[in-house]
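Architecture and fold: a report
Residue-level listing of the chains:
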Amino acid sequence: MTPVRQIFSITLMAVLFAGACSSDRRVGGTIVMSSAADADVLFPPLTLTLQGKQVTDQIFDNLADIGPALNTVGDAGFTPRLADRWRWSADSMSVAFHLNPRARWHDGVPVTAEDVRYTFQLVKDTSLASPLAANL
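In short, a report on the structure. (Residues numbered from 1 in each chain as written. Predicted model: local features only at pLDDT ≥ 70, side-chain atom pairs only at ≥ 80, totals over all residues. Heavy atoms only, no water.)

**Regarding the packing of aromatic side chains**
- Taken as a whole and assessed by the stated rule, the structure comprises one aromatic pair.
- A ring pair is formed by Trp86 and Phe97, whose centres lie 6.0 Å apart and whose planes are at 50°; its orientation type is tilted. Of this pair, Trp86 sits in strand E3 (residues 83-88) while Phe97 sits in strand E4 (residues 95-99), and the two are eleven residues apart along the sequence.
- Residue Phe97 is classed as partly exposed on the basis of its relative accessible area, which comes to 39%. (Phe/Tyr/Trp six-rings, centres within 6.5 Å; stacked < 30°, edge-to-face > 60°. Helix = DSSP H or I, 4+ residues; strand = E, 2+ residues; numbered from the N terminus. Buried < 20%, exposed > 50% of the residue type's maximum accessible area, 1.4 Å probe, protein only.)

Structure (structure tokens):
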């Protein structure tokens with residue numbers, strides 16, 4: 001390897017390392033994904049394939065996500081997203097989510113409980129026949 005290539009490689013690694021260590025927590029930007037197949041549908045209630053799920057997960061936020069430990073037993077394994085906290089009813093038949101007041105749509109409009117209700121009703125709508133309806 002020529003000295004110029006070595007210097008370029010070392011400089012590139014230093015820049016990437018410094019960028020990875022940044023404390024800047026900006027949201028937004030561009031994401032480039034490579035996939036072996038196309039996403040089926042980019043509408044979450046109708047997405048069936050893994051590729052579609054991977055893309056829609058980058059576009060749409062959930063109330064909470066499964067955390068890095070992939071623990072779905074109890075609440076401790078979930079990471080807050082649009083909701084900053086939640087509370088189960090005494091009979092464990094419902095969950096009340098508290099939306100993070102900083103949660104915004106991509107155009108800056110605040111996310112409301114009505115937005116969540118609309119999405120829930122959309123998935124449950126029998127005329128849409130969402131494969132996710134049984135999960136709700």
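**A closer look at the pattern of salt bridges**
- This structure, assessed with the given rule, holds five salt bridges.
- With its nearest N and O atoms 2.9 Å apart, the salt bridge here joins Lys53 to Asp57. Within this pair, Lys53 and its partner Asp57 are both found in helix H2 (residues 50-59), separated by four residues, close to a single helical turn.
- In this structure, Arg81 and Asp61 form a salt bridge, with 2.9 Å as the shortest nitrogen-oxygen distance. Here Arg81 is found in the loop between strand E2 (78-80) and E3, whereas its partner Asp61 is found in the loop between H2 and strand E1 (64-66), with 20 residues between them in sequence.
- Among the charged side chains, a network of salt bridges with common partners joins Asp61, Asp65 and Arg81. (Salt bridge = Lys/Arg side-chain N within 4 Å of Asp/Glu carboxyl O.)

**Thoughts on the side chain of Ser130**
- Tracing the backbone shows Ser130 in the segment after helix H3 (113-124).
- For Ser130, a relative accessible area of 6% gives the class buried.
- Only 2.5 Å separates the side chain of Ser130 from the backbone oxygen of Pro45, close enough to count as a polar contact.
- Here Ser130 is in contact with Pro45, Leu46 and Val123, once residues within four sequence places are set aside. (Polar contact = N/O pair within 3.5 Å; in protein donor to acceptor, adjacent residues only side chain to side chain. Contact = heavy atoms within 4.5 Å.)

**Looking at the pairing of E3**
- By the bridge criterion, five bridges tie E3 to E4 in an arrangement that is antiparallel. Paired with Trp88 across the strands is Val95, a residue of E4. (Pairing = 2+ DSSP bridges.)

**Things to note about unusual backbone geometry**
- Although it is not a glycine, Leu70 sits at a positive phi angle of roughly 60°.
- Summarising the element assignment, Leu70 is placed in the loop between E1 and E2.
- Assessed through its relative accessible area of 65%, Leu70 is described here as exposed.
- One non-glycine residue, Ser92, lies in the positive phi region at around 60°.
- With respect to the helices and strands, the residue Ser92 is situated in the loop between E3 and E4.
- On the basis of relative accessible area, Ser92 is assigned to the partly exposed category, the value being 48%.

**Some remarks on the environment of Thr47**
- Relative to the helices and strands, Thr47 is located in the loop between helix H1 (3-20) and H2.
- When the C-alpha positions of Thr47 and Ser130 are compared, they lie 8.6 Å apart, and in sequence the two are 83 residues distant.
- Not counting residues up to four positions away in its chain, the partners in contact with Thr47 are Asp40, Val41, Leu42, Gly52, Lys53 and Thr56.
- Here the side chain of Thr47 touches Phe43 through a polar contact of 3.1 Å, landing on its backbone oxygen.

Read these as layout, nothing more, since geometry by itself doesn't imply function.
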